[in-house]
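Letter by letter, the chains look like this.
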Amino acid sequence: MSERMYPGMSPDERTTFSPYSAFDIPADLRQLHGRYDVASVARRVRNFRYAEEWMMMIMGGWVATIPEVPVKTGLGKVIWEGAQAADEFGKRLPELRCGRKAVEASEASNEGFAGFVQAVAGPETPDLTIEKLVGVFDVLKPHLVEIYETTMRETDQISDAPTIEILETAVRKTRRHIAWGQEVLDRLCDTEALRERRRARADELSEQLSASGGVTGTLASDRGQLN
Amino acid sequence: MKRFIEPNELARDSRFIRQDNAMATVLASMPDDVDAIVAAFEQFSPMIEESVRGTAAQELFEAYGPAFTLVVLNEPLDPDSAAATMRLILRMHGIFVGELQALEGAARSLWDFPDAPWEFKMNMARQCWDEGRHVQIFEKLLEHLGGHVGMFPESTFLFEAACSDDPAMRVAGVNRGLEGLACDVFRDMIRYAEKTGDEVMQQAVDYVLADEITHVRFGSEWVKEFTKGDPEHLQKTQDFRREVDKQFSFGGSRSDREDAAIPIAWEDRKEAGFSEEELQDLASVSAEGPSKETLTQAAQILRERFHAKRNGEGARS
Ligand SMILES: [Fe+2]
Ligand SMILES: [Fe+2]
């Protein structure tokens, strides 16, 4: 029998190509099925968009009332990258059966989280740079990294890969933001009294965040799942 | 956090001092009359002196008297002219604080207009990053020229144009009025850097100009969008932009006149979405100030009187 390039219709008319492909090397160990269905991933993405959108708006409000010039300019970049993250989340929503207009759909998981975001936005005057930055860089962004990573790990690795891709970028950039913010806060808090101010603000907000259930409102069950 | 802040609420570190905005208003509304200009400057002289005390501008005040701003604004920047470097640094410092206020204005638009369309927020967020980089660039250029942050007082009259609570008016005033002016100034700075062979400044400002054209374009597009189907609203934003344009022409110093210190960057502005008609309009609005000859005469008189007075005081004591 001559070597066939294309299969024919009978069992002895097969090609001679071995059934291996580049896709199997290395073997695809991902398994189907994740913790979230389409509707719950869509809800999470709307929640994430809410957090990113509000965070960049709040930082936008602060730029003018923060006296430290390198903090103003540094926030410029964090704002833009937050807007990009919110934009990517928004573009994912129509792909998750939320309708074409869903690209601007941000949604708080619950009133508790919305209240937490307003508490982050609270400090206004120029003497409160520490209180401002702690809310975003010590509390909210680290929380988002935790939940983004949980989501990446627990969603369907193949079916929901587009969400994972967006989260991967968001996590990489958010980690950079946190590193920058903490460096700034370390420099600003150069006395024990200032370090105490930082801790007190972080404790107060972390408590409020936990009570709300976090960005997705499911913090307790998310953490239970991990243990 | 409240929506909308006043220019005096802009937060600054201890290097900065503020300048009274009244002077800018005087400059914007000067008639083509030597005596009137002399009288206006003499009236403001104590205030001007107070505002420059302890800053690098004190040196310019001592040399030219209260009208030193007239000399600085009215004469084109020429590498061979007297005190050229100090004047260049003064302009660079003005641009630095302008960028700072542009950053603050774009950022405030994110907070002040929470219900604006998402694409608007994206544009403003991008502008935050750009203006943040511009602040960094001009801080470095300032040092490159031998200057430093805080050596001159800061006027907040740029931010004043950013205080409208109507997003259409704000982008008309800031993105089309002020950023349009930035295009004119940066084109002029690039020309200056080419003349002096300063490649660092030439390349950096060239990149900034590219960004500013994008920001003007944001303005051109959002004014259209925000006023869609409302010709009265559009007219109001155009009037506001003209007012800003007039104010920032400093009595014709920035204009299309042959003797302008800062010529209008016609081509750059076209790329940014200004129509031929709007540019003709800008040329006529900005040319309305006193003639260069009037300003030169007034500056001369003010300088002589200032020195005579100083000498008199010296003789008495
Ligand atoms: Fe700029
Ligand atoms: Fe700009």
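The notes below deal with the structure included here. (Residues numbered from 1 in each chain as written. Chains lettered and ligands numbered in written order. Predicted model: local features only at pLDDT ≥ 70, side-chain atom pairs only at ≥ 80, totals over all residues. Heavy atoms only, no water.)

What follows concerns the coordination of the iron ion (ligand 2). Put simply, the ideal angle at a metal is 109.5 degrees for four donors in tetrahedral geometry and 90 or 180 degrees for six donors in octahedral geometry. All names here are of chain B. Looking at the iron ion (ligand 2), one finds its protein donor set to be Glu131 (OE), Glu179 (OE), Glu212 (OE) and His215 (ND1), positioned 1.9 to 2.2 Å from the metal centre. Given four donor atoms and angles of 74 to 152 degrees at the metal, the environment of the iron ion (ligand 2) is assigned as irregular. Read in sequence order, the donor residues for the iron ion (ligand 2) give the motif E-x47-E-x32-E-x2-H. A spacing of 3.3 Å is found between the iron ion (ligand 2) and the iron ion (ligand 1), which share glutamate 131 as a donor. Here glutamate 131, found in helix H6 (residues 118-144), pairs with glutamate 212, found in helix H9 (residues 199-226); they are 81 residues apart in sequence, far enough to count as distant. No difference in accessibility class separates glutamate 131 from glutamate 212, as the two residues are buried. (Donors = N, O, S within 2.8 Å, 3.2 Å for Na, K, Ca; no water. Tetrahedral: all angles 85-135°; square planar, octahedral: opposite > 155°, others 65-115°. Helix = DSSP H or I, 4+ residues; strand = E, 2+ residues; numbered from the N terminus. Buried < 20%, exposed > 50% of the residue type's maximum accessible area, 1.4 Å probe, protein only.)

Now for the coordination of the iron ion (ligand 1). Residue and element names in this part refer to chain B. For the iron ion (ligand 1), the full set of protein donor atoms is Glu99 (OE), Glu131 (OE), His134 (ND1) and Glu212 (OE), at a range of 1.9 to 2.2 Å. Taken together, the four donor atoms surrounding the iron ion (ligand 1) define angles of 85 to 142 degrees at the centre, an arrangement classified as irregular. Read in sequence order, the donor residues coordinating the iron ion (ligand 1) give the pattern E-x31-E-x2-H-x77-E. For glutamate 212, a relative accessible area of 1% puts it in the buried group.

Turning our attention to the pattern of salt bridges. Counted according to the given criterion, the structure contains 44 salt bridges over all chains. Among the ionic pairs, A:Asp138 bridges to A:Arg198, the shortest N-O distance being 2.7 Å. Here A:Arg198 lies in helix H6 (residues 192-212) and A:Asp138 lies in helix H4 (residues 129-154), a separation of 60 residues in the sequence. An identical accessibility class is assigned to A:Asp138 and A:Arg198; each is buried. In this structure, the salt-bridge partner of B:Asp184 is B:Arg254, at a minimum N-O distance of 2.8 Å. Placement of the pair is B:Asp184 in helix H8 (residues 167-196) and B:Arg254 in strand E3 (residues 254-255), with a sequence separation of 70 residues. (Salt bridge = Lys/Arg side-chain N within 4 Å of Asp/Glu carboxyl O.)

Time to look at unusual backbone geometry. Positive phi, close to 65 degrees, is recorded for A:Arg97, a residue that is not glycine. One can find A:Arg97 in the loop between helix H2 (69-92) and helix H3 (111-120).

Residue and element names in this part refer to chain B. Under the counting rule described, the total for this entry stands at three cavities of 30 Å³ or more. As a volume, the largest cavity reaches approximately 1000 Å³. Along the wall of the largest cavity there are 47 residues; nearest its centre are Gly94, Ile95, Phe157, Leu158 and Phe250. Of all the secondary-structure elements, those providing two or more residues to the lining of the largest cavity are helix H1 (22-28), helix H2 (34-52), helix H4 (68-74), helix H5 (84-112), strand E2 (154-155), helix H7 (157-160) and H8. In terms of residues, the lining of the largest cavity owes the most to one element, H5, which gives eleven residues. Split by residue class, the lining of the largest cavity holds 30 nonpolar, nine polar and eight charged. Its volume calculated, the second largest cavity comes out at about 60 Å³. What lines the second largest cavity is simply Ala102, Gly105, Ala106, Ser109, Phe120, Met124, Gln127, Ala162, Arg170, Val171, Val174 and Asn175. Only H5, H6 and H8 provide two or more residues apiece to the lining of the second largest cavity. For the lining of the second largest cavity, the class distribution of residues is seven nonpolar, four polar and one charged. (1 Å grid on protein atoms, 1.4 Å probe; cavity = no way out; pocket = protein on both sides within 12 Å on 5 of 7 lines; lining within 4 Å. Points joined across faces, edges and corners; volume = space filled by probe spheres on them. Nonpolar A, V, L, I, M, F, W, Y, C, P; charged D, E, K, R; others polar.)

Honestly, that's just the spatial picture; any functional story needs more than this.
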